Amino acid sequence: MSWDEHTRQGTLDLVRQVGAWIQNERRHFETGQVETKSLNSLVSYVDRNAEDSLIQGLQTLVPESGFLGEEGGSQSWVDGGLNWIIDPLDGTTNFIHDLPPYAISLALMDGDSLRWGAVYELGQDQLYWAEKGLGAFCETRRLTIADGPAIDQGLVATGFPYHDFDLMESYLKVLRACFQGSRGVRRFGSAATDLAWVADGRFQAFFEHGLAPWDVAAGILLVREAGGYVGTFSGPAASDLDLVHSRQIVAGNPTAHATLESWTKTSFSL
């Protein structure tokens, strides 16, 4: 694959174009255009059309790549090759209720490793992106959280369970520790945005369970390239591919991540 400045810029332009279309559709969106996939899991034509547009554009930019998209637009995963992981609208429930944030999340995996990712948060029109070994950025501004504050000097982000309640008691133990050990807990309804805001230093740490690969893939690379750490409730994953499929995540700047990971290890006893 020829991944160069031209391909990178073309991918960013594609994300912006699809984002502009989503915002335009939001102006006259009606709640009657919503379907239920499963308990509290919603989808609309906006999700599906946005995913189709992303896949079509990426097939032109990187023809040899496979895809894993939330809405099933294409499931042509290439074992050991290049694969895009796509959430065309992370925060669909927010979008439906006209409540930001909601975002496009797009990540490129090369074998078992994350190579490139972008989170386009549409509420504030901020495009975050990262490339392995190159760094993490908001537009052209480099992100760095390597020397971020301790968790008691900042905010923790999370997502409330909305369909998987098997681990509720353990989750509440971590939440209690966050209440007592941080300046506050926030829940915005878009894991991709939460991770982008960790990379930007707005949040010091983030944890959640019940997540899918498309919720976290791009955000993992953003946090890591900004100088933070990302792992599971019990510690580091064996590979990026294992991490994106783990359905759980702990992320943060180095100091805050260490504290939050200690709370998840204790509470979930994994």
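Structural notes, computed from the coordinates.

Rules used throughout
- Residues numbered from 1 in each chain as written.
- Predicted model: local features only at pLDDT ≥ 70, side-chain atom pairs only at ≥ 80, totals over all residues.
- Heavy atoms only, no water.
- Pairing = 2+ DSSP bridges.
- Helix = DSSP H or I, 4+ residues; strand = E, 2+ residues; numbered from the N terminus.
- Contact = heavy atoms within 4.5 Å.
- Axes fitted to C-alpha atoms, helices over the stretch in contact; angles between N-to-C directions.
- Core = buried A, V, L, I, M, F, W, Y, C linked by side-chain atoms within 4.5 Å.
- Buried < 20%, exposed > 50% of the residue type's maximum accessible area, 1.4 Å probe, protein only.
- Salt bridge = Lys/Arg side-chain N within 4 Å of Asp/Glu carboxyl O.
- Expected span 1.5 Å × (residues − 1).

## Observations regarding the sheet that holds strand 6 (residues 113–121)
Taken in spatial order, the seven strands line up as 3-4-5-6-7-8-9 in an open sheet, and their pairing is mixed. Here the strands that pair on one side only, and so sit at the sheet edges, are strand 3 (66–69) and strand 9 (141–142). Seen against the sheet, helix 2 (residues 45–61) touches strand 3, strand 4 (82–90) and strand 5 (103–110) and runs at an angle of roughly 150 degrees to strand 4.

## Quick word on the nonpolar core
Counting 39 residues, the largest nonpolar core has L114, I220, L222, V223 and I249 as the members making the most contacts within it. For this core, the secondary structure elements donating two or more residues are strand 5, strand 6, strand 7 (126–131), strand 8 (135–138), helix 5 (191–199), helix 6 (213–225), helix 7 (240–244) and strand 14 (248–252). Ranked by the residues each element gives to this core, the list is headed by helix 6, at eight residues. Setting aside its immediate chain neighbours within four residues, V223 contacts I145, L195, V198, A199, G228, Y229, V230, A251 and G252. Of all hydrophobic cores here, the second largest spans 31 residues; its members include F67, F95, L108 and L122.

## Observations concerning the pattern of salt bridges
Evaluated as defined, the whole model comprises ten salt bridges. One salt bridge in this structure joins R26 and D98, with 3.6 Å as the shortest N-O distance. Placement of R26 in helix 1 (residues 5–26) and of D98 in the loop between helix 3 (92–96) and strand 5 is noted, with a sequence separation of 72 residues between them. Given a relative accessible area of 47%, D98 falls into the partly exposed group. Note that D240 and R224 form a salt bridge whose closest N and O atoms lie 3.0 Å from each other. With a gap of 16 residues between them, D240 in helix 7 and R224 in helix 6 connect regions that are remote in the sequence. With a relative accessible area of 12%, D240 lands in the buried category.

## A short note on the sheet that holds strand 12 (residues 205–209)
Strand order in the open sheet made by the five strands is 11-10-12-14-13, with mixed pairing throughout. Pairing within the sheet leaves two strands with one partner each, and these edge strands are strand 11 (184–186) and strand 13 (229–231). Strand after strand, the sheet turns through a mean of 15 degrees between neighbouring axes, direction not considered. Relative to the sheet, helix 4 (residues 168–181) contacts strand 10 (155–158), strand 11 and strand 12, its axis offset from that of strand 12 by approximately 165 degrees.

## Quick notes on helix 6
With 13 residues, helix 6 extends 18 Å between its outermost C-alpha atoms, agreeing within 8% with the 18 Å of an ideal straight helix rising 1.5 Å per residue. Counting buried positions along helix 6 yields twelve of 13 residues, so the element is predominantly enclosed. Two residues or fewer past helix 6, G227 is found with a positive phi of approximately 105 degrees.

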